[in-house]
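# Residue-level structure breakdown
Listed here are the chains, written in short residue letters.
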Amino acid sequence: MVKTADAVIIGGGISGAAIAYELLKRGMKDVVVIEKDYIAAGATGRCGAGIRQQWGTEMNCIFSKYSCEAFERAEEELQYEGDIEFHQGGYLMLISTESEMEQMKKNVKLQNSLGIESKLLNLEESKEIVPFLNTEGLLGCAFHQKDGHLNPFHTNQAYANAAKRLGGHIYLYTTVTGIDVENGKIKGVQTDKGYISTKIVVNAAGGYSMQIADMAGVKLPLYSERHQILVTEPVEPILEPMVMSFSLNLYCQQVPHGSFIMGQTGKNEPQDLRITSSWDFLDDMTSTITKVLPPLKNLRLLRQWAGLYNMSPDKQPIYSAVKEVEGFYVAAGYSGHGFMFGPATGTVMAELILGLEPTLPWKQLNIERFEKGELIIEPSVV
Amino acid sequence: MSGDSIVCRCSDLDINEIRGYIDQGYTTVEEIKRLARLGMGPCQGRNCIPIVMRELSIATGKPISEIAAAVSRPPAKAIKLGEIVRAFEEETGGAK
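Reference entry: report on the structure contained in this document. (Residues numbered from 1 in each chain as written. Chains lettered and ligands numbered in written order. Predicted model: local features only at pLDDT ≥ 70, side-chain atom pairs only at ≥ 80, totals over all residues. Heavy atoms only, no water.)

## Side note on the overall build of chain B
- What chain B contains, in helices and strands, is 4 helices and 3 strands.
- Secondary structure of chain B in N-to-C order comes out as β-β-α-α-α-β-α.
- In summary, chain B has a C-alpha radius of gyration of 17 Å against a globular reference of 12 Å for 96 residues, an excess of more than 25%.
- Referenced to the eigenvectors of the C-alpha coordinate spread, the extents of chain B come out at roughly 55 × 25 × 20 Å.
- Each of the 96 residues in chain B was classed as buried or not, and the buried ones make up 44%.
- Looking at chain B alone, contacts between residues at least 24 apart form 47% of all its contacts between residues at least 6 apart.
- For chain B, the exposed surface amounts to about 5,200 Å²; the carbon and sulfur share of it is 51%.
- On chain B, the mean spot of the 13 positive side-chain charges and the mean spot of the 13 negative ones are 4 Å from each other. (Helix = DSSP H or I, 4+ residues; strand = E, 2+ residues; numbered from the N terminus. Rg over C-alpha atoms; globule rule 2.2 N^0.38 Å. Buried < 20%, exposed > 50% of the residue type's maximum accessible area, 1.4 Å probe, protein only. Contact = heavy atoms within 4.5 Å. Areas by Shrake-Rupley, 256 points an atom, 1.4 Å probe, with all protein chains shown as cover. Lys, Arg positive; Asp, Glu negative; His and termini not counted. Charge placed at Lys NZ, Arg CZ, Asp CG, Glu CD.)

Shown next as C-alpha cells:
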C-alpha cells in the first residue's frame, strides 16, 4: 500500500471510480480508492441501473443528459474490453392521474427546451412500444428513446480499470478505520492495511457515507434506506423500454441477457443499513407488475436482493467541500439516482477538488443549502 | 478438467472463461459472479460455485475452506410470479 497520496477516495462504487478517473484524467497524480469489499459491491451493483433524462428540474436534466452521453462513449473512452451493455430502448413513464399528466406535460416542455427529445404518447402509441401493456387506468405515457439501462458491474469495472490504467491505486478488501484530522485539516486515512498521508479525502461511501463522515467529525444530513429488487429467468426479448410509474410505484426492465429486473419503494422502510430480503416485497411487487404487464405472471422469480438508497432532505446529491474540515469532500446522498449520475459525479468532483471552472451546474448542490433552506425540489423521483 | 468443460450450465461458462477471470486478478466468487453471470441462473449456483471455489483455491494457494461461496439469495427454488400473486390473494382475499 502507498504511504502518501494526493487524494484518497473512500468507496469503489460508480461514484468513487468515476471521481478517481476524472481526477487522474485532469492530471492529478497519486489517486487512491479504498473499497471495503470489491468493485460494485454496494449500491452500484444492487441497483436497477436505469438511465433516464426525463427529469423535472433543469439541473437534473443537464446532469442526466451529460451522463447519458458519457455512457454512450464510455467503452471507447475508458478502453474497456468487456461490454457495458448500454441498451437505449427508452423509458416509458406511465401516467395514471391528472396531476401526473400535468407534471409530465411540464417536464416534457422543460426537457425539450434542453435538447432532450422526450414526448407524450397516447395509449395507442404506448401499446406500439409495449404491445402487452395493460392500459386500464392509464391516461398516457411519456417516452424518451435515448433513455435505457446498463450493466452496473461492467460499467463500474470499466471506470475502475481506466483509473488504474492512468496510474490510480485501487485497494479492494480494505476497510477505512479512521480519518486523521488536525487543526481542522485532513492529514491522513487509517485503514486495516496501513496508513496513507493525504490532504484530500473524498467520501463516496454511498449508503455508509454518514459513518465515514463521522470519522472526520462531520455530521451529514443523510440517512440510508433499503430498496428491494428481483430478477426473473431469462426469456426471449419482448420488452424494449424501461417501464416506470411514480403513482403505481414500479420500475421494470428486460436486460439484454433476457432476465426481467424490477423494483419498487417499500412501505415504512426503517432508516438503517439493513439489506435483507422480505416476503412483503414479493407480494407487493408481483401484484403490481402482473397487473401492468400481465404476461410476466408466467416468468419464474430467480432471486431477490436489496441495496441502500442514501437519502438527502431534498432527494438531490451533495457535491461539496466541508467548511469545518479542510480537504474533506462529500459526494453522497443520491437518493436513488447515483448510478445514472455517475459520469457527472466524476466530472463535478474533479472540478470542485481541482478548483476548475464548472462545466455543470453543481454549485447549488453544496452542503450549506440545507442550513440556508435552499432546497432543490425534484418533482419526479421514485 | 479440459478447457471447454462447462462449469456453469445456466450461463454457458466453460473452465477457460473462469480461468481467464482469475488470470485478470479476480480472487473471489462474488466478483466472477457479477462479471460473468456465474451462478445467476435457475440452479442458483449449486453446480458451478463449488467448481469455481476449487479453481480459486488452486490459483490463490488458499485452502478451499477459506474461499467464500457467493451469498445465497431467496428463493431456494424458482417460482412463477403468478404463483406468488395467487398465494397472496388466497391468504388475504386480495386485500392489502
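So, next bit.
## Quick notes on the sheet that holds strand 5 (residues 119-121) of chain A
- The sheet built from 9 strands is open, its strands ordered 5(A)-6(A)-4(A)-14(A)-15(A)-16(A)-13(A)-17(A)-3(B) with mixed pairing. The sheet terminates laterally at strand 5 of chain A together with strand 3 (79-80) of chain B, the two strands that pair on one side only.
- In the sheet, strand 4 (residues 91-95) of chain A pairs with strand 14 (residues 242-245) of chain A via 3 bridges, with the strands oriented parallel. Bridging from a neighbouring strand, Met93 of chain A pairs with Met244 of chain A of strand 14 of chain A.
- The sheet strands contacting helix 5 (residues 98-113) of chain A are strand 4, strand 5 and strand 6 (140-144) of chain A, and the helix crosses strand 4 of chain A at an angle near 145 degrees.
- Sheet strands in contact with helix 9 (residues 279-292) of chain A are strand 4, strand 13 (223-232), strand 15 (250-254), strand 16 (260-264) and strand 17 (300-311) of chain A, and its direction is about 115 degrees off that of strand 16 of chain A. (Pairing = 2+ DSSP bridges. Axes fitted to C-alpha atoms, helices over the stretch in contact; angles between N-to-C directions.)

## Thoughts on the packing of helix 9 of chain A against helix 4 (residues 81-92) of chain B
- Look at helix 9 of chain A against helix 4 of chain B: their axes get within 9 Å of each other, and the N-to-C directions meet at 110 degrees. Taken together, the axes of helix 9 of chain A and helix 4 of chain B are roughly perpendicular relative to one another. Classified by chirality, the crossing of helix 4 of chain B by helix 9 of chain A is left-handed. Between helix 9 of chain A and helix 4 of chain B, the contacting residues are Leu282, Asp283, Thr286, Ser287, Ile289 and Thr290 of chain A on the first element and Leu81, Ile84, Val85 and Phe88 of chain B on the second.
- Tallied by class, residues from the contact of helix 9 of chain A with helix 4 of chain B come to 6 nonpolar, 3 polar and 1 charged. (Parallel < 35°, antiparallel > 145°, perpendicular 65-115°, else oblique. Left-handed = near helix turned anticlockwise from the far one by under 90°. Nonpolar A, V, L, I, M, F, W, Y, C, P; charged D, E, K, R; others polar.)

## Digging into the pattern of salt bridges
All names here are of chain A.
- Taken as a whole and assessed by the stated rule, the structure comprises 21 salt bridges over all chains.
- The partner of Lys65 in a salt bridge is Glu69, and the shortest N-O contact between them spans 3.0 Å. Of this pair, Lys65 and Glu69 both sit in helix 3 (residues 58-72), 4 residues apart, roughly one helical turn.
- Residue Lys219 is joined to Asp214 by a salt bridge in which the shortest nitrogen-to-oxygen separation is 2.9 Å.
- A relative accessible area of 68% places Lys219 in the exposed class.
- Judged by its relative accessible area of 40%, Asp214 falls in the partly exposed class. (Salt bridge = Lys/Arg side-chain N within 4 Å of Asp/Glu carboxyl O.)

## Side note on the interface of chain A and chain B
- Facing 33 residues of chain A, the contacting portion of chain B comprises 25 residues.
- Summed over both partners, the interface of chain A with chain B buries about 2,700 Å², with 60% contributed by carbon and sulfur atoms.
- Contact with chain B buries area across many residues of chain A, yet Tyr38, Leu302 and Arg303 of chain A alone supply 22% of it, more than any other trio.
- Where chain A touches chain B, the interface holds 1 salt bridge. (Buried area = accessible area lost by both parts, 1.4 Å probe.)

## Remarks on the packing of helix 1 (residues 15-23) of chain B against helix 2 (residues 29-36) of chain B
All names here are of chain B.
- Look at helix 1 against helix 2: their axes get within 11 Å of each other, and the N-to-C directions meet at 120 degrees. Taken together, the axes of helix 1 and helix 2 lie oblique to each other. Crossing of helix 1 over helix 2 shows right-handed handedness. Packed against helix 1, whose contacting residues are Ile18, Tyr21 and Ile22, the element helix 2 presents Ile32, Leu35 and Ala36 at the interface.
- For the contact of helix 1 with helix 2, a count of residues per class yields 6 nonpolar, no polar and no charged.

## Focus on the packing of aromatic side chains
All names here are of chain A.
- Per the counting criterion, the structure on display carries 9 aromatic pairs over all chains.
- Note on Phe63 and Tyr319: the rings are 6.0 Å apart at their centroids and 10 degrees apart in plane angle, and the pair reads as stacked. Of this pair, Phe63 sits in helix 3 while Tyr319 is found in strand 18 (residues 318-322), placing the two residues 256 residues apart along the sequence.
- You can call Tyr319 buried: its relative accessible area is 1%.
- Cluster of aromatic residues (ring-pair linked, three or more members): Trp55, Phe63, Tyr319, Tyr334 and Phe341.
- Between Lys36 and the ring centre of Tyr208, over which it is positioned, the NZ or CZ distance is 4.6 Å.
- The ring of Trp55 has Arg52 lying over it, and the distance from NZ or CZ to the ring centre is 3.8 Å. (Phe/Tyr/Trp six-rings, centres within 6.5 Å; stacked < 30°, edge-to-face > 60°. Lys NZ or Arg CZ within 6 Å of the ring centre and 35° of its normal.)

## Observations concerning helix 1 of chain B
All names here are of chain B.
- Regarding helix 1, the residues found buried are Ile15, Ile18, Tyr21 and Ile22. What you see down the axis of helix 1 is that its buried residues fit within an arc of 120 degrees, all on one side.
- In this fold, the buried residues of helix 1 make contact with strand 1 (6-8), strand 2 (13-14), helix 2 and helix 3 (48-60).
- Capping of helix 1 at its N-terminal end is provided by Asp14; its side-chain oxygen lies 3.0 Å from the backbone amide nitrogen of Asn16.
- Directly after helix 1, the chain includes Gly25, whose backbone phi takes a positive value near 110 degrees. (Arc of directions from axis to C-beta. Polar contact = N/O pair within 3.5 Å; in protein donor to acceptor, adjacent residues only side chain to side chain.)

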